[in-house]
Structures are given as C-alpha cells and as structure tokens.
Amino acid sequence: MENRPPANGQAQPPVLLSVQGLSLEYARRHAFRAKRTETHALRDVSFDLREGETLALVGPSGSGKSSLAKCLVLLETPSTGRILYRGTDILQLPPEARREVRGEMHLIFQDASTALNPRWTVTEIVREPLTIHSKGLSSAESTRLVIEALEQVELGANWHARRPRELSGGQRQRVALARALMLRPKLLILDEALASLDLSAQGQLGNLLLELQQRYAMSYLYVTHDMRMASVLAHHFAVLDGGRIVPRTLPTELIAGTLQPVS
Amino acid sequence: MPNRLRTVILISFLALLHLALLFAGFFAPYDFAQQHRDLPFAPPTRLHLVDAAGTWHAWPFVHSLRANVDGSDGYTEDVAQAYPLRLFVRGNAFQIVGPWTAHVHLFGVASPGQIFLFGTDDFGRDELSRMLFGGRISLFAGILGATAALSVGAFLGVLSGFYSGWTDAVIMRTSELFLALPWLYLLFAVRAILPLRVKTTDAFLLFIVVVGLVAWARPARLVRGIVLSARERHFALAARAMGASNFHVLRYHILPEIYVLLLTTAALLIPQFVLAEVTLSFLGLGVGEPIPTWGNLLIPMQKYSVLRSYWWLCLPAFALVLLFLAYHWASTTLQAALGEVRS
Amino acid sequence: MLRVTRRFVHALVLLLGVSAISFALLSAAPGNVFDELRLNPQISPEAVAALKAQFGVDLPWPTRYAHWLASVLRGEFGYSVSYRCRVGTLLWPRARNTLLLTALATILAWMIAVPWGIVEALHRGRWLDRLGGGITAILLAIPELVLVLLLLWLAARTRWFPTGGMFSLGSAELTISRKAWDLAQHLILPVLALALGTAPFLIRYVRSAISAVLDAPFLQSARGFGIGTARIVYRHALPAAANSLISLLGFSIGALLSTSLLIEVVLSWPGLGPLMLEAMLARDTCVVMAVVMLSAVFLVLGNLIADLLLYWSDPRIRAV
Ligand SMILES: Nc1ncnc2c1ncn2[C@@H]1O[C@H](COP(=O)(O)OP(=O)(O)OP(=O)(O)O)[C@@H](O)[C@H]1O
Ligand SMILES: [Mg+2]
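What you are looking at is a predicted structure, and each value in this text was computed from that prediction instead of being measured.

Engineer: So, the overall build of chain C: which residues are in play, and what are the values?
Structural biologist: Looking only at helices and strands, chain C has 13 helices and two strands in total. A burial count over chain C gives 46% of its 320 residues as buried. Taking contacts inside chain C between residues at least 6 apart in sequence as the whole, the part at least 24 apart equals 73%. Within the structure as shown, chain C displays about 15700 Å² of accessible surface, and the carbon and sulfur contribution to it stands at 68%.

Okay, here's the thing in structure tokens:
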C-alpha cells in the first residue's frame, strides 16, 4: 500500500530489514499445574523495510504491535522466523555482534514514563547510549552531543538537570526521542512514541523525523493508531490483527488525510 | 514532633551508642577484668553535691565505701573521704584499635577513691566498664553476622534474580532448605557443628560469621524479588535494547534498587545477630569469663539473690533493650522513608 | 486435590534435603560422643572401641545416612550413646511438652493479638492506636530472653507461680486433678513469656491487614450505607483479612518454636530445647539430629497446614 512517493525517486533503495515468518508465543506457567497457557502474540509475520523509508504499523489494541517491536530489538525471542538486518539473521548472531547491531537500531517504548530511569537526570539518561557503546569521546564532547540532541527535541537547558518525575508526559517522550537519536541509528522503531503529545508538538517532532530521514537516510517502523500522522510520515502501511499481517486496503479518505477525527 | 527532628535524635542516639561501645576503653573508667576484691556487689556509687557539713559544691564528688561495721551485707559511705569527679584522667592502658593504646579515660576519681556508677559484680568488677566492653563484642558480633548474611544473600539473590533458569531454581530450592529450620534451631545446629570450647573472642566472632553465612536465605529471597522486578522495568529493557552488557544493566539499573533494601534489612539483621551472640554466651556456648559480653552478663540474672538484692546487675538487660529499640526505630524510619520515595 | 498431593511431596522432599545436609555437616563436626566417653575413666578404651564398631562411626556418611533413614522409618531415630536408649523414646515425651507449650502460646497470642489489632485498626491515628502502637513497639524491642528473665524476676518477687520445671517435686503421688492443677501453674510462666514475645508481632500484622481491608473501596461503600462497625469487622473485614492472617499463622509457628527453645532452657521446661542443649554438650549427634529434624517437621507441617487452610478458605485459589 503505497502512500508517500518512494524515497529516492524511481530507483528502489536496498532492503534494510526483512522480517520472515516471525511467530511469538508468550507462555505462562501455573504454580501447581503442569499445563501452560500460551498467547500467540505474532503468527507468521513477514515484511520488508527499505533504507530511508517508513513503514507504518497499525492495528487494534492487543494485536501484537509492541510484541513485534520488542522482537526486532531482541527483547523477546520468537519461536520461528528470521529477522534479516542488512541480510544477516540477527537472531543467530553471537553476543558481540548483537551489541553492534543493537547500536544501529533503537526502540522508543510505548510508555516513556517507565522507559526512563527515575533516579537519573535528563542529561544522564540521554548520555547512556554513549556510555554503553563507549565511543571514546571526551566528556566535553559527549556533553556537547547530549545538549545538541536535547536541543533537537526542543528541551532547553533548564530541563537538563531534572528527573523524569518532574517532567510532563510529552517532555519525557522528547527525552526518549533525544536518547534514541544519540547513536544516529539506521532503524528507529517508534512504538506510539508521539501519542501523548499535543498536536503542535506532534507536528514539530514529525517534521524533525522527516528531516532526519532526509539527512541520514534513516528507516522508521512507525507503530501508531493515528492514521493521519501515519499518512504524512509513512511510505507503506501494514495492518496487524490478532498477530497476523492482514491484507487490507485502507479507506482512501484516511490515507489522503481528509477524514476528520470524530469528536 | 517534626519528622526531621526525630530523625536527628535517632541518628545521634545511634551514633552515641556505637561510639561508646567502639571506644569502650575510653568511656569505661576501669578495665573489664580489674577486680576490687574488697568491694563485691557494691551498689552504684552516688554522686554528691552536698557534703556532710551541708555545704554545696559546684562539682560532684564521691565518698569511698566501707563494709558495714555490724557485719551485715552491704556498704556505708565513708563521709570523711571525698573524691571529686575528674574528667580525662589517666588510668589503665587500653587498646583502641589494633596496636594503638591510650591511657586517658573520660572520667574517674583520684585513688584511693573509687567510682562504680553501675555498681560491681561478685568479684568487685565495675559493671559499667564490663557493660561497655561487653557491648562492643556483642555489637561486633551483630555487625559481622549481618554483613556476612547480607553479602552472601545479596550475591546469591542477584545471581538468582538476574540469571533465571536453573541457576535461579537451584538457589531458590537451596534457600528453602535453610528456611525449613526455625532460626534458633538453625543457630544451634550450626553451633553443634563447630568446636564446643571457644578459646578466644576472635574465634567466637568467626563462629558468628559462619552463622551469618547460613542465614543468607531470607535476604537472598528479598533481593531476588527486587531484582526480578527491576530487570523487567522498561528502562532496564531499553538499556538492553541499546546493546548494554549484563554488567551495565546490573550496575546502573538494578543494583541501585537493592541498596536501600540492604540498609533496611541490615537494621533488622544486626539486632538478630546481637541476639545470637547473647543467646549463645548466655547458655555458655559463646564467649566465657573473664571476657564480658551482653550474653554472659545476663547469666547472674538467673540467680534469685541477684534479682532480689543486686538490681544493678540487671542493667545489661536494659542496655540490650535500648539497642534493640534504637535499631527497631531505625528500621521503621527507613521503611517509612522508603515508602515515601516509592510513592 | 492434585495441589494438596504436590504440596505434600514438596514438604517431604524438603525434609529429606534438610536431613541430608544436616547429617553430612554434623558428621563432619569435630569431636564425637566417643571422645567424650573416652574422657570418662569408668569406661575402658576397649569398650569404647566396641561401641564405635557397633555404631559404625567409621563408615562413610552416605552409608550411615542410609542406616539413619531406616531407623527413622522405624521411629527410632538412631541410638543415643549418652542416654543409652533409642532416641525415639527420648524424643516423643519432649516433643509433646514442646508442642503443648507452643500450642497454648499460639492460642493465647492470637487471642491477644486479634482483638488488640482490630481495636488499633479501628482507632487508627487516634490516641488509643498510638498508645497500643507504643506498647507493641517496646514489647517488640524486648528480646524474649530479657522478657523471660523479667518474668522470672516477677515470679521470684511475688511467688505467685513456680519459676521452673513442669511439675512440683513429689507430684507423682498426686491425684490426676491435682496434678493437672500443678501443671497449669507451671505452664503460666513459659506460656506467658512465649505469648508476650510473639503477640506484638502479630498485633502489628493484624492491624495492618484489617486497616488495608477497611480502606478497600467495597467496605468504604458499605460504611456509606450505614452498616455498623461491629458488623463490618466481623462480617467483612475479618473474612477478607483471613488470607493474610492464615499465611501469618504458618510463619508465626517458626518464630514460636525458636523462642520456645530459649524459654524452655531458661525455665528448665522438659521440652526439646534442653534436650538439644544437653545433647550438643555431650556431642550426641543422633539426638541433635533428631531434634533439628523434628523442629523442621513442625515448621514445614505448620506451613503446610496454613497452606491447606488458605486453599480451603479462599475459593479463588481453589479455582486455579
Ligand atoms: N509479557 C507478556 N506476557 C504474556 N502475554 C503478553 C505479554 N505482552 C503482551 N502479551 C499479550 O500479547 C498480545 C499482544 O500484545 P502487544 O503488547 O504486542 O499489543 P499491542 O498491539 O502493542 O497493543 P496496544 O495497542 O494496546 O499497545 C496481547 O494479547 C497481550 O495480552
Ligand atoms: Mg503496544
């Protein structure tokens, strides 16, 4: 389902991420029973994402969107299927190589209030990716990068020493975004990352995402409920329902962005 | 009372108690083994401000004691002799830490006067000095035991919570074995394994460390619970997703959660191990005469004559209760603070 | 039903594990009963050697453990060299006495704790609660050893009740009813000490359990309908708090057993405590082992019973 024109005019950019036949079950074991109950969160999910393009993933609540996102950053282990990143199956990688790959992709969690360590200040949170991938930067250099990233998401200097508890939901979301941008990832997975922002902030950050995509040829997997935002950002759509990608044509009014939300 | 004031009082009280016990030699006027054979069971020495002639003095003084002339038990004060209380007096040498010794005591009186603020025992040894020196051993036992239990417990708890799977299963099943014994039976069982006769205080403290090592199960389970929940927090997952190593996640996102727990648990465990020392020494399985501990200082309280006539020999029991009260208070304050931080 | 069987099997495996570990460790302990016997000039070295051979002390510990297990199954728990009889015959009367003490103390402690805890919960924040809280805080801070010494002092001063033992001297000739009266008098001090040692802990727990239920929305609305306090407590709050209280029952048994050990020794109550102490001093491993195992059995059984009670009282758990 095409929406935005292809990123580089006519020539197809190379595939960055290819998901093939992914299935995931959550098993719950009972204290005094041998039987286990299983939730099939993903069933045989396949799709491709090309460099510099955005795939919008929509679907009802509980359809497995967050589960898919977690699989991609290796926080859940799928039972079957492959996740090819630049052609190599990252599920099979040895730990050291996994670390490398994880530096190139980033997941922004659905709920920013829990994704930030409450004991840390904004600066410390945003600096964490640099610490993890110890880039050999001087502390002045890394501080400059942190400030730059925070400026990008429009968080001024007076917010830097605060802790997540003292920020609004939207501000937390920006901090999460700033942290995501630190390592200049090739693939950014946004799990309803803009959902808690007001419209103008959504617009701003949407523009920022578009601009970054232009400049660094980043790819986005954009999980959302908001069709209008998706129609602006995304090149492709995929609809997830009950853990499956369903072939469904979206109403054209929606894609064109003319459908007004019911108020 | 405002909360802050209460905390200040609590902290200064605890600090004072610990300092007094740690530097027992300085606060105690006599050595714990120094006997005054002519003054067994002397009652607490009274501090006077008014002398026999009825004149007031600005500084307290004491009289020396003489056995009753009529041959009955007890002592009378020899009002002809007055010895003013002196601060920072030179007395017996005592050990501060390791090889360092000192001579200066906080207070005392010029000889041949004597000052027993808490009376003397059957050998005429100063009860206050014995309580201070004894408390030092008991408190050391408490701290050593709690440290041993907490460090092993924290290590195994983190291991168990962080690496789920068979590591977790093995550690948790083992902890159940250790929890299947009531605490004092466990203490006795461990004591039964070790040599019966204790030669030195150090050897005994080593015992307490062994007991501490055996008491790891409960702290381990508490720590495991915290680690399990911290591990699944989204910020820990986020760090993992960014490629953080196990060490990074542990160091920055999980361990800070357990420090406070360790502190509150320590406030509960230290009295428990003080009690372990007290119980063992009370039953003759710990440190024995002439070295005092709060455990063997309680032994005379089993005697009817002591309970009836020499009430000052019951003071160690009150010291014990005081220490316990302070630690209980500390643990509730810590827990309340923890609750505030959480919410 | 499956759950019940599983819990039983689990408890059995647990006890087996405890016994194996304690047996291995106690066998490794320095010195044994024969070393103590050797010091006795009345016993010839040959006799000691013969005894050693008879009891197989030089066999490896797994073999001895197997022998011991077999003996446990026969109810003998091995042979006590210092008492010169089967440990089983030694154990049962002692166990009965300890159980008598702990059972009575449990009942008394709960009889104090439940009403007190409820009253505190109902008067939360008011002076009655503060007073009660202060008393429990102080009682909680007094170690049982000091508590029993204080009671001993009281008994010595007032001579209201005997200060030790289980029966008075010469009580063997008394009639049954007089004997029971004598026993009751001897029970007062240890039971009181045990109950007072445990009650403050229970009071705190009852108070917080009941408070939590009283704050629950369903009871808030019940109050809104004007239902009386007594009715709320007995019909709603107590049943709702029952779960956590039952779990506490299992837990409190462990605490009571520990305290009872100490109190029995101080008051020379002929229970498991003094037996264990004597056996330890005589290095009579079989007796120590048997007492340790028995305490584990009591604790595990207590938890098992609490678990089954919970299962029986809470339909939610049964449904799983
Ligand atoms: N940790 C888990 N354990 C067990 N089941 C889970 C777990 N996480 C999610 N599930 C189940 O997997 C299914 C998919 O959940 P997921 O969180 O992926 O939905 P979602 O599409 O992100 O929904 P939403 O739009 O509400 O965020 C749901 O049925 C959910 O109950
Ligand atoms: Mg989701």
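Engineer: Could you give an account of the domain arrangement of chain B, naming the residues involved and the relevant values?
Structural biologist: Each assigned domain of chain B is listed here: domain 1 (45–115) and domain 2 (131–342). With centres defined by C-alpha atoms, the gap from domain 1 of chain B to domain 2 of chain B works out at 40 Å.

Engineer: Please give an account of the sheet that holds strand E3 (residues 54–58) of chain A that cites residues and values.
Structural biologist: Residue and element names in this part refer to chain A. The strand order across the open sheet built from six strands is E6-E7-E8-E3-E9-E10, with neighbouring strands paired in mixed fashion. Two strands bound the open sheet, and with one partner strand each, they are strand E6 (105–108) and strand E10 (244–246). Sheet twist, expressed as the average angle between the axes of neighbouring strands with direction ignored, equals 25 degrees. Sheet topology note: the strand E9 (residues 236–241)/E10 ladder contains three bridges and is antiparallel. Bridge pairing in E10 links valine 239 to valine 246. Lying on the sheet, helix H7 (residues 199–216) is in contact with E3, strand E7 (187–191) and strand E8 (219–223); it crosses E8 at an angle near 155 degrees.

Engineer: Break down helix H6 (residues 169–181) of chain A for me, with residues and values.
Structural biologist: Residue and element names in this part refer to chain A. Its 13 residues place the ends of H6 19 Å apart at the C-alpha level, agreeing with the 18 Å of an ideal helix rising 1.5 Å per residue. Burial of H6 is extensive: 12 of the 13 residues sit out of reach of the surface. Of all the positions in H6, only Gly170, Gln171, Arg172, Gln173, Arg174, Val175, Ala176, Leu177, Ala178, Arg179, Ala180 and Leu181 are classed as buried.

Engineer: Account for the interface of chain B and chain C, naming residues and giving values.
Structural biologist: Taken residue by residue, the interface counts 38 residues in chain B and 46 residues in chain C. For the pair chain B and chain C, the summed buried area comes to about 3800 Å², and 77% of that belongs to carbon and sulfur atoms. The largest per-residue losses of area from chain B upon contact with chain C belong to Leu177, Tyr185 and Ile193 of chain B, which jointly make up 18% of the total buried on that side. Our enumeration of links across chain B and chain C arrives at zero salt bridges. When residues of the side of chain B that touches chain C are traced back to their parent elements, those giving at least two are helix H4 (166–179), helix H5 (183–193), helix H9 (246–282), helix H10 (304–309) and helix H11 (315–342) of chain B. Tallying contributions element by element places H5 of chain B first for the side of chain B that touches chain C, with eight residues. Split by residue class, the side of chain B that touches chain C holds 29 nonpolar, four polar and five charged.

Engineer: Can you lay out the packing of helix H3 (residues 127–162) of chain B against H9 of chain B for me, pointing to particular residues and giving the numbers?
Structural biologist: Residue and element names in this part refer to chain B. At a closest axis distance of 7 Å, the pairing of H3 and H9 adopts a crossing angle of 145 degrees. Judged by the sense of rotation from one axis to the other, the crossing of H3 with H9 is right-handed. Here the contact of H3 with H9 is built from residues that sort into 20 nonpolar, five polar and one charged.

Engineer: I'd love a proper account of the pattern of salt bridges, names of residues and values included.
Structural biologist: Considering all chains together, one arrives at 16 salt bridges over all chains under this definition. Linking arginine 99 of chain A and glutamate 96 of chain A is a salt bridge whose minimum nitrogen-to-oxygen distance equals 3.7 Å. With arginine 99 of chain A and glutamate 96 of chain A both in helix H2 (residues 95–104) and three residues apart, this pair spans about one turn of that helix. By relative accessible area, which is 24% here, arginine 99 of chain A ends up partly exposed. A salt bridge links glutamate 120 of chain C to arginine 207 of chain C; the nearest nitrogen and oxygen atoms lie 3.5 Å apart. Taken together, the residues span a long stretch of sequence, with glutamate 120 of chain C in helix H5 (residues 87–122) and arginine 207 of chain C in helix H8 (residues 176–215) at a distance of 87 residues.

Engineer: Tell me about the interface of chain B and chain A, and please be specific about residues and values.
Structural biologist: On the side of chain A, 21 residues touch chain B, which itself brings 16 residues to the contact. Between chain B and chain A the total buried area reaches about 1700 Å² when both faces are included, carbon and sulfur atoms providing 61% of it. There are one salt bridge connecting chain B and chain A. Taking the shortest distance from any N to any O, the salt bridge between glutamate 257 of chain B and arginine 119 of chain A comes out at 3.3 Å. At the junction of chain B and chain A, the tally comes to 10 residue pairs in polar contact (both at pLDDT 80 or more). Looking at the side of chain B that touches chain A, the elements with two or more residues in it are helix H8 (234–241) and H9 of chain B. Take the side of chain B that touches chain A: its biggest share by element is seven residues, from H8 of chain B. Here the residues of the side of chain B that touches chain A are counted per class, giving nine nonpolar, five polar and two charged.

Procedures and definitions
- Residues numbered from 1 in each chain as written.
- Chains lettered and ligands numbered in written order.
- Predicted model: local features only at pLDDT ≥ 70, side-chain atom pairs only at ≥ 80, totals over all residues.
- Heavy atoms only, no water.
- Helix = DSSP H or I, 4+ residues; strand = E, 2+ residues; numbered from the N terminus.
- Buried < 20%, exposed > 50% of the residue type's maximum accessible area, 1.4 Å probe, protein only.
- Contact = heavy atoms within 4.5 Å.
- Areas by Shrake-Rupley, 256 points an atom, 1.4 Å probe, with all protein chains shown as cover.
- Domains from an automatic or database assignment.
- Pairing = 2+ DSSP bridges.
- Axes fitted to C-alpha atoms, helices over the stretch in contact; angles between N-to-C directions.
- Expected span 1.5 Å × (residues − 1).
- Buried area = accessible area lost by both parts, 1.4 Å probe.
- Salt bridge = Lys/Arg side-chain N within 4 Å of Asp/Glu carboxyl O.
- Nonpolar A, V, L, I, M, F, W, Y, C, P; charged D, E, K, R; others polar.
- Left-handed = near helix turned anticlockwise from the far one by under 90°.
- Polar contact = N/O pair within 3.5 Å; in protein donor to acceptor, adjacent residues only side chain to side chain.

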